[in-house]
Amino acid sequence: MAAIEFQEVSKIYPDGTRAVDSLDLAIDEDEFMVFVGPSGCGKTTALRMVAGLEEISDGTILIGGRAVNEVSPKDRDVAMVFQNYALYPHMTVAQNLGFGLKLRKVDKTEVRRRVIAAAATLGLEDYLERKPAALSGGQRQRVAMGRAIVREPRAYLMDEPLSNLDAQLRVQMRAEIQNLQRRLGVTTIYVTHDQTEAMTMGDRIAVMRGGTLQQVDTPERVYRRPANRFVAGFIGSPSMNMVAGRLTRANGDLIVSFGDISLTIDRGVVSERPGLGAYVGGDVIVGIRPEDLEDAAFVAKAPPERTLEAVCSLREALGSEVLVHFPVATGDASSSFIARVHPQTTAREGERLHLVVDAARLHFFAPGSGRAIDA
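No experiment lies behind these values; they were computed from the predicted model shown.

> When you look at the overall build of the protein in this model, what are you seeing that I'm missing?
Broken down by element type, the protein carries 9 helices and 21 strands. With the principal axes as the frame, the protein shows a C-alpha extent of 80 × 45 × 35 Å. Counting all 375 residues of the protein, 49% fall into the buried class. As displayed, the protein has an accessible area near 17300 Å², and 47% of this comes from carbon and sulfur atoms. A gap of 5 Å separates the mean positions of the 44 positive and 48 negative side-chain charges of the protein.

Spelled out as structure tokens, the structure:
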């Protein structure tokens, strides 16, 4: 197994486009690292540079402590799993699994051993003589995974391997890939635009935007303490509610106001974010996640200083929860908020309801830079 390190790595195309800009990132041995971000953010380009499929413009990539900028793809000892499976249609599953080893002139007995071992690991023993056309999407993806496994590489590189599967199969394959990586203990970089995949699979996630690394941390930390407005809005579904507000102080408490709504900020939040003090009397961006708003009817002793009144503009009943959409007036403008509330709420379109804010989970961002206001 091998650690992978990006040292000020950039990819600049001939037209001047910076697909990746000064990426600094260290991935530990055996770690499952997920690159996540919108289309065009540079995550796949970064992965392809590790594989040697894209030339590095600046900086250095190390695999196992060895600089690989000038090393050919076949000599980097990494295996890549592609979005489109890239299986040979005229070959059987067994032939597809062993083809890469055959090219490397591995002994036939060893090829057979590795193919059988990979098939057993992936539940493909009964399909070894079938061709890809006779397999389901999930089975084809397992074959693609198996082709990487038989290589016994030092690292796996996975480029949106589940994007061609239906929703139910994606959930199943997410768990299978995660369990497989844990069993094999191989350093893995996984690229996806799906933040749910990132949150559920990665030991750490690296959020990218416009070729630049925005934040890298554990999924829980990225969710609870996003580094900036982009990360806060990208990670989480539905997205974090955000609105321009103003900070004031009254009776020793910090108050954030937006439109005709004023909320007392939990003192624990203030102590964790001493930087808020510099914004008293000024503007901030306040963020509230949908699950941190609850129908007051289901909260015992709802504090009035942390309660707001809303008019439901749309109700989405999802069975285990209800999403309530409501407008928030802010001066001449209006923002649309979403609350994830108790499934037994009686809120309906056009009706008023009171929502309690979990004031211990408010987020604050600087209006200009969008950076989280922390220390």
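> For this particular structure, what's the right way to read the side chain of Arg 174?
Its location among the elements puts Arg 174 in helix α5 (residues 167-184). Of the side chains with opposite charge, Asp 194 comes closest to the buried, unpaired Arg 174, at an N-O distance of 5.1 Å. Polar side-chain contacts of Arg 174 include one of 3.3 Å to the side chain of Thr 200. Arg 174 has contacts with Leu 162, Thr 196, Glu 197, Thr 200 and Met 201, leaving out every residue within four places of it along the chain.

> Looking at this model, I keep getting lost on the sheet that holds strand β1 (residues 4-12). Mind explaining?
Neighbouring strands of a sheet are bound in pairs by backbone hydrogen bonds; such pairs are parallel or else antiparallel. Spatially, β2-β1-β4-β5 is the arrangement adopted by the 4 strands of the open sheet, whose pairing is antiparallel. The open sheet terminates on both sides in strands that have one partner only, identified here as β2 (18-27) and β5 (66-67). Of the strands in this sheet, β1, β2 and β4 (58-63) touch helix α1 (residues 43-51), which is tilted by about 115 degrees from β1.

> How should unusual backbone geometry be read in this particular structure?
For residues that are not glycine, phi is negative in most cases, and the peptide bond is trans in most cases. Cis geometry marks the peptide bond from Ser 237 to Pro 238, where omega comes out at -5 degrees. Along the chain, Pro 238 falls in the loop between α8 (229-234) and β11 (241-250). Backbone geometry places Ser 22, a non-glycine residue, at a positive phi of 50 degrees. The topology assignment puts Ser 22 in strand β2. Its relative accessible area of 36% is what places Ser 22 among the partly exposed residues.

> What is the right way to read helix α4 (residues 137-149) from this model?
Helical periodicity: at 3.6 residues per turn, an α-helix aligns residues three or four positions apart in one direction. Given a rise of 1.5 Å per residue, 13 residues ought to cover 18 Å, and the 18 Å separating the end C-alpha atoms of α4 matches this to within 8%. Of all 13 residues in α4, 11 are buried, a share of seventy percent or more. Listing the buried residues of α4 in full gives Gly 138, Gln 139, Gln 141, Arg 142, Val 143, Ala 144, Met 145, Gly 146, Arg 147, Ala 148 and Ile 149. At its buried positions, α4 is contacted by β6 (78-81), α2 (93-103), α3 (108-122), β7 (155-159) and α5.

> Can you help me understand the pattern of salt bridges in this one?
Close approach of charged atoms lets side chains of opposite charge pair. Taken as a whole, this structure holds 23 salt bridges when the rule is applied. Between Asp 374 and Arg 273 there is a salt bridge; the shortest N-O distance is 3.6 Å. With Asp 374 in the segment after β21 (363-365) and Arg 273 in the loop between α9 (267-272) and β14 (283-288), the pair connects residues that are 101 residues apart, well separated along the chain. We note a salt bridge from Asp 358 to Arg 361, for which the minimum N-O separation is 3.6 Å.

Analysis parameters
Residues numbered from 1 in each chain as written. Predicted model: local features only at pLDDT ≥ 70, side-chain atom pairs only at ≥ 80, totals over all residues. Heavy atoms only, no water. Helix = DSSP H or I, 4+ residues; strand = E, 2+ residues; numbered from the N terminus. Buried < 20%, exposed > 50% of the residue type's maximum accessible area, 1.4 Å probe, protein only. Areas by Shrake-Rupley, 256 points an atom, 1.4 Å probe, with all protein chains shown as cover. Lys, Arg positive; Asp, Glu negative; His and termini not counted. Charge placed at Lys NZ, Arg CZ, Asp CG, Glu CD. Salt bridge = Lys/Arg side-chain N within 4 Å of Asp/Glu carboxyl O. Polar contact = N/O pair within 3.5 Å; in protein donor to acceptor, adjacent residues only side chain to side chain. Contact = heavy atoms within 4.5 Å. Pairing = 2+ DSSP bridges. Axes fitted to C-alpha atoms, helices over the stretch in contact; angles between N-to-C directions. Expected span 1.5 Å × (residues − 1).

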